[in-house]
Amino acid sequence: MSNFQRLEGIINDISDFTAILKRDPRVRVPLIPEIQNVWEWDDLGLPLFPELKIGPWVRHVPSDFAQVKGQRKFPGTPVGRDFIDFMRSNAQTVTLDCTRNHGEIANTKQLLLRMIYGGDFKKIRAVGDNANGITITKNDDILLAYENAVSLLRVSHEGTKLTNAELIEKINWNAARGFLGPGTYKCREAHCTVTGPCITQSPSVRFGPTPNQVVHLQKRFKCNCNNVVYLVHCQACIDEGNWTAYVGTTHRKDRNFHERLGGHCKKLVDEWNNERYGGDPGLPNYLHAMINHGAPDPHQLIRDAFVHWGFYHDREDRRITILDGQFPTDRVRLHHEAILMREIGGFEYFPQNGTGSLNKFL
Ligand SMILES: [Zn+2]
Ligand SMILES: [Zn+2]
Ligand SMILES: [Zn+2]
């Protein structure tokens, strides 16, 4: 079999939503060595192998980046389109002519640079010495690792007071750094301050102390996507020698994954318990008595993501991973949720200390 066929085969295996039906739930999905060094991933979360590209300089531009929506109008302007067309083409260098948009050239340059920075593009280099334009060159340099978490925060669209020269410096610094392999990564949106810091950003995720409690991911997603099945596990529990995990899915009514995760912080996830206890002002006291003084918990109030990361441990102890996503139908998504709950937590719960799977078998 040629290398080409082998890589095509990997993509076919990963993208097959029926593969989960053939899996033995007791056996972990193995790590795929071939995808661990891939830096570019498509809208479906699949690896873009350089070997399978139609040209060496063709780059993936996410479809939501290219879309004009709400305040994001620049991708629809002539200069915005020129940049997107250049990225998707096999050209290595372009000088974007900023006179093609209406308005002042310096302002067009500023908007263009902010758009590029916000797009989190890798392996490019911007130069702004041309009077009317910005020159962009694609490269194939090895990506460096980010030194710390702060460097992953993105500038706010509104609050940006950076000069064009400062933006160019930031684009180039950020374009030289990135992650390899599958996993869940931060979206870099300015408002992503609660979910973002808990994103695992790793190709493999260990959610408990036993050797089998590890997930090797096969796709790559960011925390601003939708239509996903996710895992939240608890770092504080691992530190204490225990484990706690919750597998959930985004709902139709959620605008995105951030909103879904935010919902866990607002009310009991268990709907029956929420109806019974949600409006009860005594709830924090009951929970305190159960968690700290061993009071009985007949309705498993502790076994709830809202309680675990709001009362038992902290919101910051959550570790968030998107297991799979971009499902073709709701039915396929819910089916994956059910199987992944069984594979990951196995509905195993330890009432003596309130840890284990927060998914209740229905
Ligand atoms: Zn985010
Ligand atoms: Zn915990
Ligand atoms: Zn007390």
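Note: the structure precedes this text.
To start, this report covers the structure provided alongside it. (Residues numbered from 1 in each chain as written. Chains lettered and ligands numbered in written order. Predicted model: local features only at pLDDT ≥ 70, side-chain atom pairs only at ≥ 80, totals over all residues. Heavy atoms only, no water.)

## Digging into the environment of Val 205
Okay, so step 1: Tracing the chain through its elements places Val 205 in strand β5 (residues 204-206).
Okay, so step 2: Classification of Val 205 by relative accessible area gives buried; the value is 3%.
Okay, so step 3: It is 42 Å that separates the C-alpha atoms of Val 205 and Thr 108, two residues lying 97 residues apart in sequence.
Okay, so step 4: In this view, Val 205 contacts Thr 200, Gln 213, Val 214, Val 215, Leu 217, His 233 and Thr 321; residues no more than four positions away in its chain are not counted. (Helix = DSSP H or I, 4+ residues; strand = E, 2+ residues; numbered from the N terminus. Buried < 20%, exposed > 50% of the residue type's maximum accessible area, 1.4 Å probe, protein only. Contact = heavy atoms within 4.5 Å.)

## Re helix α11 (residues 330-344)
Okay, so step 1: For α11, spanning 15 residues, the distance from its first C-alpha to its last is 21 Å, which sits close to the expected 21 Å at 1.5 Å a residue.
Okay, so step 2: Those residues of α11 that sit buried are Val 332, Arg 333, His 336, Glu 337, Ile 339, Leu 340, Met 341, Glu 343 and Ile 344.
Okay, so step 3: Looking at the packing, one finds that the buried side of α11 touches β6 (214-216), β8 (228-234), β9 (244-249) and β10 (318-325). (Expected span 1.5 Å × (residues − 1).)

## Things to note about the pattern of salt bridges
Okay, so step 1: A complete count under the given rule lists twelve salt bridges for this structure.
Okay, so step 2: In this structure, Asp 82 engages Arg 100 in a salt bridge whose closest nitrogen and oxygen atoms are separated by 2.7 Å. Here Asp 82 is found in helix α3 (residues 78-88), whereas its partner Arg 100 is found in the loop between β1 (93-97) and α4 (105-118), with 18 residues between them in sequence.
Okay, so step 3: Residue Asp 140 pairs with Lys 123 through a salt bridge whose shortest N-O separation is 3.2 Å. Of the two residues, Asp 140 is situated in the loop between β3 (133-138) and α5 (164-175) and Lys 123 in the loop between α4 and β2 (124-127); the sequence distance between them amounts to 17 residues.
Okay, so step 4: Each of the salt bridges in this network shares a partner with another, and the network as a whole consists of Asp 120, Lys 122, Arg 188 and Lys 222. (Salt bridge = Lys/Arg side-chain N within 4 Å of Asp/Glu carboxyl O.)

## Describing the packing of aromatic side chains
Okay, so step 1: Evaluated as defined, the whole model comprises 13 aromatic pairs.
Okay, so step 2: Ring centres 6.4 Å apart and planes at 55° place the aromatic pair Tyr 230 and Tyr 246 in the tilted group. Taken together, the residues span a long stretch of sequence, with Tyr 230 in strand β8 and Tyr 246 in strand β9 at a distance of 16 residues. This pair shows no difference in class: Tyr 230 is buried, exactly as Tyr 246 is.
Okay, so step 3: On the numbers, 6.1 Å between centres and 85° between planes, the contact of Trp 243 with Phe 350 is edge-to-face. Of this pair, Trp 243 sits in the loop between α6 (235-239) and β9 while Phe 350 sits in strand β11 (residues 349-350), and the two are 107 residues apart along the sequence. (Phe/Tyr/Trp six-rings, centres within 6.5 Å; stacked < 30°, edge-to-face > 60°.)

## As for the nonpolar core
Okay, so step 1: Grouped together as the largest cluster of nonpolar side chains are 25 residues, with contacts concentrated most on Phe 83, Leu 112, Ile 116, Phe 121, Ile 124, Ile 134 and Ile 136.
Okay, so step 2: Leaving out residues up to four positions away in the same chain, Ile 136 has contacts with Phe 86, Gln 92, Thr 93, Val 94, Leu 96, Ile 116, Ile 124, Arg 125 and Ala 126. (Core = buried A, V, L, I, M, F, W, Y, C linked by side-chain atoms within 4.5 Å.)

## Focus: the coordination of the zinc ion (ligand 1)
Okay, so step 1: Coordination of the zinc ion (ligand 1) by the protein comes from Cys 187 (SG), Cys 192 (SG), Cys 223 (SG) and His 258 (NE2), over a distance range of 2.0 to 2.4 Å.
Okay, so step 2: One chain supplies every donor for the zinc ion (ligand 1), spaced along it as C-x4-C-x30-C-x34-H. Of this pair, Cys 223 sits in the loop between β7 (220-222) and β8 while His 258 is found in helix α7 (residues 257-264), placing the two residues 35 residues apart along the sequence.
Okay, so step 3: Residue classification places Cys 223 among the buried residues on the basis of a relative accessible area of 0%. (Donors = N, O, S within 2.8 Å, 3.2 Å for Na, K, Ca; no water.)

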